[in-house]
Amino acid sequence: MAPTTDGAPLVATSQQSRFHTEAGDTASVASKDLDIRSLTITLGAREILAGADVKLQHGVHYVLVGRNGVGKSTLLRVLGEKHVAAIPQNLRVLLMGQTVGEDARVLDDTETVLQHVVRSDALLQRTKRDAGLLAAALENTADPLAASRALRTLKHERKIRDLEQAQKIATYRSGARGLKARKALRALEEELVAVTAALDLGEDGIEGTTVAEETHEAVEMLNELEASLDAMDASGAESRARTLLLGLGFARSTLDSALRSLSGGWRTRCGLATTLFQPADYLLLDEPTNFLDLSAMLWLQTHLQGLACTVLLTTHDRAFADAVGDELLILRDARTLEHFVGTLTAYDGERARQQQRMQRMKDAQDRQRAHMEQTIVGNIRAAKSSGDDKKLKQAASRQKKLDERMGLQVSAQGHRFKLNRDRGGYHNSARAEIEVPTDGAAVRFGFPSTSPGPLRFPGVLVGFEQLSFQYRDGRRAVLRDVTLAVHPGSRVGIVGANGAGKSTLIAHMLEGREPDGRRTGTITRHAQAQVGYFSQAAVEELQARGEREPGATALSVLVGAGALTEQEARGVLGGLGLAGRTASDVPLAQLSGGQKVRLALAQVLWRGAPHVLVLDEVTTHLDAETVLLLVRELNAYEGAVVVVSHDRFFMRTVVEGAAPGDGDGWDAGRRGDVWLLSGRPGTLRRLGGGVGEYEKAGRSNR
């Protein structure tokens, strides 16, 4: 049991096989595959998983998908922190954001970004420290007992680590294996007492023969440590860390700057670099693309594709998931885990085809059943009126067919159904019912209105003409000669690296939010046009408010935002997926990131559909299913839409008009242009090739 950030206890249990119990006793695991059976996870009073089987093959890259709040991060934590005995303790499992030992903390205010990443590998640092301690002791000719003291110190530390491991094993096991584990624990406790006593001996208590033997043992241990350092490529550690940081978008000058000087987004990147730097058998990444621009995202995509270890990740970026993932794990509201071999896009297509096929099969059988029931009634009526026993036999025969042969007519492999092969065991019917796959309760996500009010006169809603801008304390222009026009109903996409000035450009569209600085050029705004703005910092702002106001809820926030009654506010929130007690009872700080995005959109849209809807990184905290619903809502939106996003799928569908899935009900005419804002020299240019051109440029820059 482990506490979470909000105090709710996290409990995870699983079935434990002979393989798992014996694997924990060995120095190495014969197979690095994970087979966790009957995994059950509860978080407080809420059940995340119930008796699910988790099977992961070593070397395969998995994408964990599921709706917001279903428990994806909790499942990653259970695996990353090895909360179940079915995960062998000697498998190296790393979770992004996980603190690895005491050495993962910042040493002091002067620790640089590069030093922090190199120090994150606790095993490497400990091995270097141990080797240095032994080498210094062996070179100390003035103190003949130095090697003995160093050896005994290292033995004592290792024995403590072995004891901690044995305590975990003894806690997990029961029965005969539990008895064996507790005997081993008691033996280790006795050994630790002996090692501690040897460590406390003074110079007079160490014999000359013992000193010679321990000096020889120290030399052998040093040789082993140096061999381990060679295997870890210790000499190339700094070079590897530098490559990771540069790939994730750090400037060379930033590598030697203090870690404490980084903003939250860059600290997140640094945390990702520390995770990637360490060797692992299983690498668990929770939304690794957050705070990454496209160039860094493409580098990470290529890096993960080349890893030989198992990768299990969650991501809101569909294109990234398709590129990195070989297989899917789908976590559902029904507390089940489904496995699919293929990409997320392939899964959506296959599931839609399966739903259609099963629905057609069910509809056809329902028609057949209705016809047979009608025939049975007719035969019985005819038999009663004419006394014809043949009609009764026909009715009985058809009734038997209804009772025994209705249901699936083919096996899971597509073969003709055979009872002894396809339905073994005890069942209440000879054949399984035809069940149409469902995705659980439908996700609700709809705008209160998609039609802005009429304007009294036409014209550009927001326009820039030769706009240039420089912050007062800045050394260079952030924007230079920018010309852009947003017309009614248009679609505008803006891409660029982090720090290029996209948020500054967006701020000039919002009257009253223009940043302070030197500005030249012309800004045109329609006098009657309303502009709605979703900020990329909206989730963090709501989280901070929730911490300041513990009693605040989504409903209270929206009611307090304007002239809305509780019923009207519930209608707006319910349409966006925050219904019932989630809106009125769940504290604001405990809402998931996706739920906070819904609340932030409600704050933008409650007054009605704005003529210009500006969305700055709106997909960051949304699950794949909700992103699809948002894409369709924006396609139906009659106002202008300005999108800033690194999500290639979102940009292609919303701005370029590419239809998702089968394109049912899709308006292909709602399309616009993608614009690239270059940080140096701060210019804006239209990309004729759209997102594909930007992606190609990002790859070439790598």
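What counts, and where the lines are drawn
- Residues numbered from 1 in each chain as written.
- Predicted model: local features only at pLDDT ≥ 70, side-chain atom pairs only at ≥ 80, totals over all residues.
- Heavy atoms only, no water.
- Axes fitted to C-alpha atoms, helices over the stretch in contact; angles between N-to-C directions.
- Helix = DSSP H or I, 4+ residues; strand = E, 2+ residues; numbered from the N terminus.
- Parallel < 35°, antiparallel > 145°, perpendicular 65-115°, else oblique.
- Left-handed = near helix turned anticlockwise from the far one by under 90°.
- Contact = heavy atoms within 4.5 Å.
- Phe/Tyr/Trp six-rings, centres within 6.5 Å; stacked < 30°, edge-to-face > 60°.
- Buried < 20%, exposed > 50% of the residue type's maximum accessible area, 1.4 Å probe, protein only.
- Lys NZ or Arg CZ within 6 Å of the ring centre and 35° of its normal.
- Polar contact = N/O pair within 3.5 Å; in protein donor to acceptor, adjacent residues only side chain to side chain.
- Arc of directions from axis to C-beta.
- Pairing = 2+ DSSP bridges.
- pLDDT = per-residue confidence, 0-100.
- Salt bridge = Lys/Arg side-chain N within 4 Å of Asp/Glu carboxyl O.
- Patch = residues over 30% accessible without salt bridge, like charges linked within 9 Å, V, L, I, M, F, W, Y side chains within 5 Å.
- Areas by Shrake-Rupley, 256 points an atom, 1.4 Å probe, with all protein chains shown as cover.
- Lys, Arg positive; Asp, Glu negative; His and termini not counted.
- Charge placed at Lys NZ, Arg CZ, Asp CG, Glu CD.

## Side note on the packing of helix α17 (residues 554-561) against helix α20 (residues 593-605)
Part 1 of the argument: Put simply, α17 and α20 touch, their axes get as near as 10 Å, and they point 15 degrees apart. Comparing their axes, α20 and α17 come out roughly parallel. Between α17 and α20 lies a crossing whose hand is right-handed. In contact with A554, V557 and L558 of α17, α20 contributes L599, A602 and Q603.

## Focus on the packing of helix α8 (residues 237-247) against helix α10 (residues 294-305)
Part 1 of the argument: Interhelical geometry of α8 versus α10 gives an angle of 135 degrees and a closest axis separation of 9 Å. Between α8 and α10, the angle falls in the class oblique. In this structure, α8 uses T243, L244 and G247 to contact α10, whose residues at the interface are A296, W299 and H303.

## What to know about the packing of aromatic side chains
Part 1 of the argument: Enumeration over the complete set of coordinates arrives at five aromatic pairs.
Part 2 of the argument: For the pair F447 and Y637, a centre-to-centre distance of 6.0 Å together with 80 degrees between the ring planes defines the contact as edge-to-face. One end of the pair, F447, is in the loop between α14 (419-422) and β11 (462-471); the other, Y637, is in the loop between α21 (624-636) and β17 (640-644), with 190 residues separating them in the sequence.
Part 3 of the argument: Exposure remark for F447: the relative accessible area of 9% places this residue in the buried category.
Part 4 of the argument: Cluster of aromatic residues (ring-pair linked, three or more members): F445, F447 and Y637.
Part 5 of the argument: Directly above the aromatic system of W266 lies the positively charged group of R269, at a separation of 4.2 Å from the ring centroid.
Part 6 of the argument: The ring of F649 has R318 sitting right over it, with the charged end atom 5.1 Å from the ring centre.

## Here's the deal with the side chain of S535
Part 1 of the argument: Along the chain, S535 turns up in the loop between β15 (531-534) and α16 (538-548).
Part 2 of the argument: Within the structure, S535 has its side chain in polar contact with the backbone nitrogen of A537 (distance 3.0 Å).

## Some details on α16
One turn of the α-helix equals 3.6 residues, which is why residues spaced by three or four share an orientation.
Part 1 of the argument: A538, V539, L542 and G546 are the residues of α16 that are buried. On an axial view of α16, the arc spanned by its buried residues comes to 100 degrees, and they lie on one face. Opposite the buried face of α16, by more than 90 degrees, sit the exposed residues E541, E547 and R548.
Part 2 of the argument: In this structure, the buried residues of α16 make contact with β15 and α20.

## Considerations on the sheet that holds strand β12 (residues 479-486)
Part 1 of the argument: If you walk across this open sheet you meet the three strands as β12-β11-β14, and the pairing is antiparallel. The two strands at the open ends of the sheet, each matched to only one other strand, are β12 and β14 (517-525). The average angle at which neighbouring strand axes cross in this sheet is 15 degrees, direction not considered.
Part 2 of the argument: Examined bridge by bridge, β11 and β12 share five bridges and lie antiparallel to one another. Bridging across to β12, L467 finds its partner in V482.

## With respect to unusual backbone geometry
Part 1 of the argument: Its identity is not glycine, yet D233 carries a phi of approximately 55 degrees, on the positive side.
Part 2 of the argument: Topologically, D233 is positioned in the loop between α7 (208-231) and α8.
Part 3 of the argument: Within the chain, Q466 stands out as a residue other than glycine whose phi angle is a positive 50 degrees.
Part 4 of the argument: Mapping Q466 onto the fold places it in strand β11.

## A short note on the confidence of the model for the chain
Part 1 of the argument: Averaged over all residues, the pLDDT of the chain is 84; the fraction at 70 or higher stands at 88%.
Part 2 of the argument: Scored below 50 in pLDDT, residues 98-104 makes 10 contacts in the model with residues more than four places away or belonging to other chains.

## Overview of the pattern of salt bridges
Part 1 of the argument: Under the counting rule described, the total for this entry stands at 30 salt bridges.
Part 2 of the argument: We note a salt bridge from R152 to E214, for which the minimum N-O separation is 2.9 Å. Highlighted residues: R152 in helix α5 (residues 146-172) and E214 in helix α7, separated in sequence by 62 residues.
Part 3 of the argument: On the basis of relative accessibility, which here comes to 9%, the residue R152 falls in the buried class.
Part 4 of the argument: The salt bridge involving D366 is made with K362; its shortest N-O contact spans 3.3 Å. Here D366 and its partner K362 are both found in helix α12 (residues 344-386), four residues apart, which amounts to about one turn of the helix.
Part 5 of the argument: Among the ionic contacts, a cluster of salt bridges with common partners joins D317, R648, R652 and E695.

## Quick notes on a positive patch on the surface
Part 1 of the argument: A cluster of like positive charges, contributed by R398, K400, K401 and R405, occupies part of the molecular surface.
Part 2 of the argument: The topology assignment puts K400 in helix α13 (residues 389-404).

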